[in-house]
Amino acid sequence: MRIRDQFRFVKQNMKKNKMRVFMTVLATAMGCAFLIVIASVPFGLHQTFVKDLLQQDTINEINVQGIETDEGYQPITEKDIKNLRQFKNVKAVTFKSYIEQPTTFSIDNYKLETGAMAVDFNAERNAGISLEDGTFPSKENEVLVGYHFATQLFPTDTDKEEELYNEKGKLKEAYQYQKEIIGQTFQMTVTRMNKDGEEETKEIPITIAGIMEEPARDWMMDTEVRISESLLHDIEQYTGTPNGQITIPNENIENEKHYANITVYSYSLEQVQTLTEKLEDNNYLVYSVASSLNQLNMIFTIAKAGLIFIGTIAILIASIGIYNTMTMAVTERAPDIGIMKAIGANPKVIKRIFLLESSYIGLLGAVIGTIIAYMISLFVNFVIPIIIQSAFQEELPEGFKFSAIPATLVIIAIAICLIVTIISGSRPAKKATRIDILKAMRREI
Amino acid sequence: MIQIKDLSHHFELGKKGSKTSIPVLHNISLTIDKKEIVAIVGKSGSGKSTLLNLIGGFMRPSKGDIWIDETNVTKLNEAGFADFRLNHIGFIFQNFQLIPSMTAYQNVELPLILKGIDERKRTEITKKTLKRVGLLDYHEHYPSELSGGQQQRVSIARALVLNPPIILADEPTGSLDSETEADLLGFIQQLNQELGITFLIITHDDEVASIGNRVIEIRDGWLMEGSVSL
C-alpha cells in the first residue's frame, strides 16, 4: 500500500469522528504549549544573561587579579606584566596604575576632581580599545579622558552650587563646559607631602588627545583620566612615593609599585578557555567572562532539562487522550478492519495506518501547541516588564526576555510530542492487527 | 489448483484447564481443479463454512495441509497469508461485507490500493470492473443506497478486481431474492467460462449447487464419498 494512500485513509478515518479527534488534538496542543512555555523561561533568561555578558564587550578578556606565591597572594608587578605578555595567544596586556591621590583637572573657570591612572597606550591600542573621538596619545603629556569627563567639568565662578545640578544629580547642560576638549591643555594638580609633613601642590599641563568610548552600561559614568607611564613616573618623582601617594617620601618606589586592572586579551573567544587554564596553572588569579559564561550555560542547561521534563508530563497526560481516542477508533472500525484483512490487507499496513493516525494527531497538536506557545511567549514578554515596572518600580534592562522559544526548543517539543503519541498509539494499533477476521465480520467485536 | 490433504479441525471451548474440544472437520481430502465450479453443500453446522474459512486462511487447521497453486498455505504466517489472499483469492460473502463508509467505487478499489497500484491504473481497472458487473452508474453510491443484488455485485467486483484465479463464495445468494439469485448465478457461470476463474461455493441451496461442475457434501464434518455431479 502506497504511503499516499495510507495518508488518505488516515484523513478519511479522522473525518469520521471530527469532534473526538479535535478534542484529542486540543489536549495534545495544550500539553505541547505548556512544555514550550514552561521551558521558554530558562531559554529567555539565559538569552538575556548571555546577551548582557556579551554586551560588556569583554568576552575575549581575562582579568588577572594577582598571583599566588609561597608567601601568599601578591599583587601584579611589572615583571609579571612582562611575563604575561610572553604567553601564547596573548594579543595584549593592559593595566591601570592608579594615582593614589585625588587629582584635579582645571581649565579656564572649570574644574573636575577625578581619578587618574597610568596606562600603556600601545597595549590599549593593540587590545582593540576604540575611542569615541580623537587619537591615542603620542606625547608624554597627552592624555585620554573618560566619555563623561567634559560633562562633569563644573564652573568654579558660582556661589550657588545647588543650582548647578538637576534633580537626578547631573550637572545642568547650561553650566557644562561648552568648548571642544580635544587639543585643550588642562592643568593637573598633584599634591605631595614634604619631609616636614606639609602638603605642597604642583600643576602639570596636560593635553587631551582623545575621549574614551561610552561605557557599555547606561548607569556607568567614566570621567577618569588616562595618563602615560612616563607622566606617572614624573609624578612619583615629585611625590617621592609609589603611585603618587601623599605620604612621607620613600626611596624604594619601584619595588613597591603595583598595578591594578590587569587585563589579558586573547585573539579570539575560543582561545580564552585554554589561556585561562594556562594562567591558572602558573598561579595567576584570573577571571574571565567566558568562564562565567560556561558556568551560566551549565546552570541554564540543567534548568532547561528540568523544565522540559516537567513539560513532558503534560504531554504524557495528553497521551492518555490519544490512547483513548485510538482505542475507540480501533473498536469502532473493527468490522472494517476485518473486511480489509479478509481481502488481503497486511497486518503491518493496518498497524501503520493507526500509527500514522496517532502521529498525525500528535503532529497537529504539536504545531498548534507551538503557535499557541509563541503567542503566550509574546504576550508574556510584553506584559511581564509592564507588571514589574508598575508593581516594583524596577526598570528592566532593554531587550529583557522573560520567555524565548528558539528553534531547538520547538524541535525538542515536537519530537517529544511525536514520540509520546506514537507510543500511546502503538498499543491500539497492535490491537487492530490482532482483530479476528471472522468475529469482526460477524460484528462480534 | 486446490489440494486439501487430511484436514481436520476442532474448536476449543471453555476456559483454560477445563477446555472442551469439539471436532468440526474430520480427515477431509479433496482436490479442486482449475476452472472448476465446486459446490459444497451440507446442513447448517455440518462444517462447510469452516472448510471455506480454513481454505481462506481465516483460521488455522488443527491438522492437515491445504495446497493452493503449489503453496502450502497452512505454513504461511498471518502476514504471508494476507499477501497470498490478496494475490490469489477473491471472496464473496453472504452479507456482502462491504465497508459502509466507502462508495461502491471505493470498495472495489480497495484491493488495488492494498496492492499498491498507482491511482491512474486503479481508476481504469475499477471502472472496467464496475462496468463488467453493470454498476458503473452506481459507483458513487454507498452500500446503504444499493439493493441486495447490487451490493452483491459490488462484492463480486471487489473479488474480481485483482483478477484472482480462485473465488471463494460463502452462501453468495443467501441474502438475495430468487430473481436476483438466478441473475447472479448466471453471472458466476459467465465469469467461470470467460475468465477461467475457479469457484468454490458454499451453499445449502440446491439451486446454487446446480451450477457446480461438482457437488460435494459435508455431513457432520465428514466428506461424503461419491459426491455427485448434478
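J.: Which residues make up the overall build of chain B, and what values do they have?
T.: Across its full length, chain B carries seven helices and ten strands. Here chain B, with 230 residues, has 52% of them falling under the buried criterion.

J.: How would you explain helix H1 (residues 48-56) of chain B if you had to name every residue and give the values?
T.: Counting buried positions along H1 of chain B gives eight out of nine residues, so the element sits mostly inside the fold. Regarding H1 of chain B, the residues found buried are Lys48, Thr50, Leu51, Leu52, Asn53, Leu54, Ile55 and Gly56 of chain B.

J.: Summarise the side chain of Thr325 of chain A; cite the residues concerned and give the values.
T.: Residue and element names in this part refer to chain A. With respect to the helices, strands and loops of the structure, Thr325 is situated in helix H9 (residues 289-332). In this structure Thr325 comes out as buried when scored by relative accessible area, which is 5%. Ignoring sequence-local partners within four residues, the contact set of Thr325 consists of Arg20, Thr24 and Ile361.

J.: I'd love a proper account of the sheet that holds strand S4 (residues 63-68) of chain B, names of residues and values included.
T.: Residue and element names in this part refer to chain B. The strand order across the open sheet built from four strands is S2-S1-S4-S5, with neighbouring strands paired in antiparallel fashion. On the outer flanks of this sheet lie strand S2 (20-32) and strand S5 (71-72), each paired with one strand and no other. Pairing geometry for strand S1 (residues 2-13) and S2, over nine bridges, is antiparallel. By the bridge assignment for S2, Leu7 is matched with Ile28.

J.: Before we move on, could you go through the nonpolar core and cite the residues and values that matter?
T.: Core analysis: the biggest nonpolar cluster contains 99 residues, and Phe354 of chain A together with Ile4, Leu51, Ile68 and Phe199 of chain B have the highest contact counts within it. For this core, the element with the most residues is helix H3 (residues 104-115) of chain B, which contributes seven residues. Ignoring sequence-local partners within four residues, the contact set of Ile68 of chain B consists of Met1, Ile2, Ile55, Val73, Phe84, Ile89 and Ile166 of chain B. Ile107, Ile204, Ile206 and Ile211 of chain A belong to the second largest nonpolar core, which has 27 residues in total.

J.: Any chance you could break down the packing of aromatic side chains for me, citing the residues and the numbers?
T.: Here the distance between the centres and the angle between the planes together describe a pair of aromatic rings. Per the stated rule, a full pass over the model turns up nine aromatic pairs over all chains. Seen from their ring centres, Phe149 of chain A and Phe186 of chain A are 5.6 Å apart, and the 70° between their planes marks the pair as edge-to-face. A residue pair is termed long-range when its members are at least 10 positions apart, and Phe149 of chain A in helix H5 (residues 149-152) and Phe186 of chain A in strand S10 (residues 185-193) qualify at 37 residues. On the accessibility criterion, Phe149 of chain A (1% relative accessible area) is buried. The exposure class assigned to Phe186 of chain A is buried, which follows from its relative accessible area of 0%. The interplanar angle of 85° and the centroid separation of 6.2 Å between the aromatic rings of Phe81 of chain B and Phe84 of chain B together place this pair among those described as edge-to-face.

J.: Could you give me a rundown of a positive patch on the surface, with the residues and numbers involved?
T.: Residues and elements named next belong to chain A. A contiguous patch of positive charge, built from Lys351, Arg427, Lys430, Lys431 and Arg434, is present on the exposed surface. Broken down by element, the positive patch gets its largest block of residues, three residues, from helix H12 (residues 407-433). Within the secondary structure, Lys431 sits in helix H12.

J.: Tell me what's going on with the interface of chain B and chain A, and back it up with residues and numbers.
T.: Counting residues at the interface gives 29 residues for chain B, matched by 23 residues for chain A. The junction of chain B with chain A conceals about 2,300 Å² of combined surface from both sides, 58% of it contributed by carbon and sulfur atoms. For the interface between chain B and chain A, the tally reads four salt bridges. At the boundary of chain B with chain A, the tally comes to nine residue pairs in polar contact (both at pLDDT 80 or more). Taken together, the elements giving at least two residues each to the side of chain B that touches chain A come down to helix H2 (78-88), H3 and helix H4 (119-132) of chain B. When grouped by side-chain class, the residues that make up the side of chain B that touches chain A number 16 nonpolar, five polar and eight charged.

J.: Hey, could you go over unusual backbone geometry for me, with residue numbers and the actual values?
T.: A positive phi angle, close to 50°, is found at Asn261 of chain A, a residue other than glycine. Mapped onto the secondary structure, Asn261 of chain A falls in strand S13 (residues 260-266).

J.: Which residues make up the state of the cysteines, and what values go with them?
T.: Residue and element names in this part refer to chain A. Scanning the entire structure with this criterion turns up zero disulfides over all chains. Between Cys417, a cysteine without a disulfide, and Cys32, which holds the nearest cysteine sulfur, the sulfur-to-sulfur distance is 4.3 Å. Relative accessible area serves as the criterion here: at 0%, Cys417 is assigned to the buried category.

Rules used in this analysis
- Residues numbered from 1 in each chain as written.
- Chains lettered and ligands numbered in written order.
- Predicted model: local features only at pLDDT ≥ 70, side-chain atom pairs only at ≥ 80, totals over all residues.
- Heavy atoms only, no water.
- Helix = DSSP H or I, 4+ residues; strand = E, 2+ residues; numbered from the N terminus.
- Buried < 20%, exposed > 50% of the residue type's maximum accessible area, 1.4 Å probe, protein only.
- Contact = heavy atoms within 4.5 Å.
- Pairing = 2+ DSSP bridges.
- Core = buried A, V, L, I, M, F, W, Y, C linked by side-chain atoms within 4.5 Å.
- Phe/Tyr/Trp six-rings, centres within 6.5 Å; stacked < 30°, edge-to-face > 60°.
- Patch = residues over 30% accessible without salt bridge, like charges linked within 9 Å, V, L, I, M, F, W, Y side chains within 5 Å.
- Areas by Shrake-Rupley, 256 points an atom, 1.4 Å probe, with all protein chains shown as cover.
- Salt bridge = Lys/Arg side-chain N within 4 Å of Asp/Glu carboxyl O.
- Lys, Arg positive; Asp, Glu negative; His and termini not counted.
- Charge placed at Lys NZ, Arg CZ, Asp CG, Glu CD.
- Buried area = accessible area lost by both parts, 1.4 Å probe.
- Polar contact = N/O pair within 3.5 Å; in protein donor to acceptor, adjacent residues only side chain to side chain.
- Nonpolar A, V, L, I, M, F, W, Y, C, P; charged D, E, K, R; others polar.
- Disulfide = S-S within 2.5 Å.

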